[in-house]
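Spelled out from the first residue to the last, the chains are:
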Amino acid sequence: MSEMIENPENEKWQIVQFDSQILSSFMECPWKMNKKFNEHLVPISGPSTSILKGSLAHVGLKTFYQAYKDGKEYKDRVGEALVSMRAEAPKLNLQPEDCLLVYRTFEEYAEYRKNDIFQILGVEQFFRILVYERFPLKIYVTGRIDLIIQEFHNSILAPWDHKSESERWFYSALTNQFRIYAIACKSNSLTVNRFRFQ
């Protein structure tokens, strides 16, 4: 989160950088943020099943949309995504039925999105924005946007954030994550791309 950088003029800058998760956690409880992001404390039980299923789904979605960006046919996109998820699944502590649910849900999702037409500009796109600079301090906001698209009828960049879920959740447009993604893309819109487990 913090580092010292010395430039050619021998000025030492203190660099602080954080993402939306760190910012939101700090706003909620600085002590909790410190334990989670600085001391890297995690629950003894490990990540929840829902988080692991979401992680597996993200692997498939990343592969699917990267293949779309690379100009591959629909069947190839789906096939590559399933292969990538099956390769990732053994690394996660998921039951076989949970993995099968993710695969089946992905196939349904891909069929639903089969006829989407847009230009993909970024998949899992990293960004770093300078938000404050006054010697000796620079502050950056960082992040990784799941998908950045541009529809053919306009020139506006639209960030997409994949959300996997078992039920309908409400997402506020005012969350730090969404506002930072919109700023990074210089956009006034953001799509929550729901990947819903039934």
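Residues numbered from 1 in each chain as written. Predicted model: local features only at pLDDT ≥ 70, side-chain atom pairs only at ≥ 80, totals over all residues. Heavy atoms only, no water.

**Student:** Is there a simple way to think about helix 6 (residues 176–184) in this case?
**Tutor:** Given 3.6 residues per turn, any residue in an α-helix points the same way as the ones three and four places further on. Along helix 6, the positions that sit buried rather than exposed are Asn-176, Gln-177, Phe-178, Ile-180, Tyr-181 and Ala-182. Among the residues trailing helix 6, Lys-186 stands out with phi positive, at a value near 50°. (Buried < 20%, exposed > 50% of the residue type's maximum accessible area, 1.4 Å probe, protein only. Helix = DSSP H or I, 4+ residues; strand = E, 2+ residues; numbered from the N terminus.)

**Student:** How do you make sense of the packing of aromatic side chains when you look at a structure like this?
**Tutor:** The relation between two aromatic rings is expressed through the spacing of the ring centres and the mutual angle of the planes. As enumerated under the stated definition, the model contains 8 aromatic pairs in all. Their ring planes at 90° and their centres at 5.1 Å tell us that Trp-13 and Phe-135 sit as a pair that is edge-to-face. In this pair, Trp-13 sits in strand 2 (residues 12–18) while Phe-135 sits in the loop between strand 3 (119–134) and strand 4 (137–150), placing the two residues 122 residues apart along the sequence. When its relative accessible area of 10% is taken as the criterion, Trp-13 is described as buried. Given a relative accessible area of 46%, Phe-135 falls into the partly exposed group. When the centroid spacing of 5.6 Å and the interplanar angle of 85° are considered together, the rings of Phe-64 and Phe-106 count as edge-to-face. One end of the pair, Phe-64, is in helix 3 (residues 49–69); the other, Phe-106, is in helix 5 (residues 96–112), with 42 residues separating them in the sequence. Considered together, Phe-64 and Phe-106 belong to a single accessibility category, that of buried residues. Against the face of Tyr-103 rests Arg-86, its NZ or CZ located 5.1 Å from the ring centre. (Phe/Tyr/Trp six-rings, centres within 6.5 Å; stacked < 30°, edge-to-face > 60°. Lys NZ or Arg CZ within 6 Å of the ring centre and 35° of its normal.)

**Student:** Can you help me understand the pairing of strand 5 (residues 157–165) in this one?
**Tutor:** The two faces of the sheet receive side chains in turn, since in a regular strand these alternate between them. Across the 9 residues that make up strand 5, a large majority, 7, are buried. Hairpin remark: strand 4 followed by strand 5, antiparallel, with 6 residues in the connecting loop. With 6 bridges connecting them, strand 5 and strand 6 (residues 191–196) associate as parallel partners. Following the sheet pairing, Glu-165 is matched in strand 6 by Arg-196. (Pairing = 2+ DSSP bridges.)

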